[in-house]
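Structural characterization, general
Now for the letters of each chain:
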Amino acid sequence: MIFDANEYHVQMRVISQPQYLCVIRSVINVIGGKCGLSSTETDHVVLAVDEAVTNVIRHGYKDEPDKEVDISIRPINDKDGQGIEIILDDQCADIKIEQIQKRDLSELKPGGLGIHILYRIMDHVQYDQRPDAQGIRLTLRKFHKQQQD
Amino acid sequence: MSNAPTITALPDGVLIAIAGDIDYSCTTALRGSIREELDKKPQRMIIDLQNVPYMDSSGVAVLVEALQAQTKGKRKLAVCCLQDKVKGIFEIARLDMVFKIFNSVDEAKEA
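This write-up is about the structure you can find in this document.

What counts and how
Residues numbered from 1 in each chain as written. Chains lettered and ligands numbered in written order. Predicted model: local features only at pLDDT ≥ 70, side-chain atom pairs only at ≥ 80, totals over all residues. Heavy atoms only, no water. Helix = DSSP H or I, 4+ residues; strand = E, 2+ residues; numbered from the N terminus. Rg over C-alpha atoms; globule rule 2.2 N^0.38 Å. Areas by Shrake-Rupley, 256 points an atom, 1.4 Å probe, with all protein chains shown as cover. Lys, Arg positive; Asp, Glu negative; His and termini not counted. Charge placed at Lys NZ, Arg CZ, Asp CG, Glu CD. Buried < 20%, exposed > 50% of the residue type's maximum accessible area, 1.4 Å probe, protein only. Contact = heavy atoms within 4.5 Å. Buried area = accessible area lost by both parts, 1.4 Å probe. Salt bridge = Lys/Arg side-chain N within 4 Å of Asp/Glu carboxyl O. Phe/Tyr/Trp six-rings, centres within 6.5 Å; stacked < 30°, edge-to-face > 60°. Pairing = 2+ DSSP bridges. Right-handed = clockwise from strand over helix to strand, strands pointing away. Axes fitted to C-alpha atoms, helices over the stretch in contact; angles between N-to-C directions.

**Brief notes about the overall build of chain A**
If you tally the helices and strands in chain A, you get 3 helices and 5 strands. Ordered by position from N to C terminus, the α and β elements of chain A give β-α-α-β-β-α-β-β. By the compact-globule yardstick of 15 Å for 149 residues, chain A fits well, its C-alpha radius of gyration being 15 Å. When the accessible surface of chain A is summed, it comes to about 7400 Å², and 45% of that surface belongs to carbon and sulfur atoms. Within chain A, one finds 18 positive and 24 negative side-chain charges whose respective centroids are separated by 3 Å.

Right, dumping it as structure tokens:
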């Protein structure tokens, strides 16, 4: 793992198999409250991370079951407020950041909702090329808002 | 992970009751089960989600495919008994105005 464990409170390396999405959801569900999020906010972050990891497995790794997704989680408390930061690092070779786009929802289509959901739910969504390795880093942040208590 | 759906014949169609979380780990199987029923061209398809505590967009995509197939054949599709988290993703994806959503199976049968 690439992060200082003192900075990132929880770090997971998950194999690229959808059967483990429920494990990721369970972890986020527990940590959300510890980062000061309401239960509704935590539910939304759980969905966002599920969507992000599913996108990596499905589109990035094309369902190859032996790849890895690294997930690093920490509480944040800065000028923007209190909340959670989640970083997803993949090793996708063929995906360019420019290809990752949310679609227009005015047309009824079965796919392409995941990115839209990320942007709807999270306060901060940022894709970067990984500085240390092949692949993409997705940084997600969600801040607690008082009115949702 | 959801279990195999429970299929119940209705006088004018089919009731499909799903149980468990719906995510990318189970949508291939779920899509197959629903397509099998869609191929029978039921006049009314009701999808009961009362035992589905969680659904992500891959599950929503399966329901959108079913809605498109039923609509194309001028047949009905309704979903019912959505738990709060599932209702939430319908709203986030702005599909709460696209699907006919009912609070109970009986309401869906009468619509």
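Let us keep going from here.
**What to know about the overall build of chain B**
Tallying secondary structure elements over chain B gives 4 helices and 5 strands in all. Listing every helix and strand of chain B by position from the N terminus yields β-β-α-β-α-β-α-β-α. Relative to a compact globule of 111 residues, whose C-alpha radius of gyration would be 13 Å, chain B shows 12 Å and is just as compact. Counting only C-alpha atoms, chain B reaches 30 × 25 × 25 Å along its principal axes. Counting across all 111 residues of chain B, residues that qualify as buried make up 53%. Expressed as a percentage of contacts within chain B between residues at least 6 apart in sequence, the contacts between residues at least 24 apart total 68%.

**Some remarks on unusual backbone geometry**
The backbone phi angle of A:Lys62 is positive, close to 50°, even though this residue is not glycine. When you line up the elements, A:Lys62 lands in the loop between helix 2 (39-60) and strand 2 (68-78). For B:Lys41, which is not a glycine, the phi torsion comes out positive at approximately 50°. Checked against the element boundaries, B:Lys41 lands in the loop between helix 1 (27-38) and strand 3 (44-51).

**Here's the deal with the interface of chain A and chain B**
Listed by partner, the interface residues are 25 residues for chain A and 22 residues for chain B. In total, chain A and chain B occlude about 1900 Å² of area from one another, counting both sides; carbon and sulfur atoms represent 64% of this. For chain A, the biggest contributors to the area lost against chain B are A:Arg25, A:Leu108 and A:Pro110; these three give 30% of the whole. Along the contact surface separating chain A from chain B lie 3 salt bridges.

**A look at the packing of aromatic side chains**
Residues and elements named next belong to chain B. Across all of its chains, the model carries 1 aromatic pair over all chains by this definition. Here Phe90 and Phe99 contribute two aromatic rings whose centre-to-centre distance is 5.4 Å and whose plane-to-plane angle is 70°, an arrangement assigned as edge-to-face. With respect to burial, Phe90 and Phe99 carry one shared label: buried.

**Side note on the pairing of strand 2 (residues 13-19) of chain B**
Residues and elements named next belong to chain B. For strand 2, a buried count of 5 out of 7 residues is recorded, marking the element as mostly surrounded by other parts of the structure. One ladder, built from 5 bridges, connects strand 1 (residues 6-10) with strand 2; its direction is antiparallel. Residue pairing across strands places Ala9 opposite Val14, the latter belonging to strand 2. The sheet contact formed by strand 2 and strand 3 spans 6 bridges and is parallel. Counterpart to Val14 in the pairing with strand 3 is Met45. With helix 1 bridging strand 2 and its parallel neighbour strand 3, the resulting β-α-β unit is right-handed.

**Comments concerning the sheet that holds strand 2 of chain A**
Residues and elements named next belong to chain A. An order of 1-2-3-5-4 is seen for the 5 strands of this open sheet, with the pairing classed as antiparallel. The sheet terminates laterally at strand 1 (10-15) and strand 4 (124-129), the two strands that pair on one side only. Ignoring which end each strand starts from, the neighbouring axes of this sheet average 20° apart. Alignment of strand 2 against strand 3 (residues 81-89), held across 9 bridges, turns out to be antiparallel. From the neighbouring strand, Ile71 faces strand 3, where its bridge partner is Leu88. Most of the contacts of helix 3 (residues 113-121) go to strand 4, to which it runs at about 125°, and overall it touches strand 4 and strand 5 (136-143).

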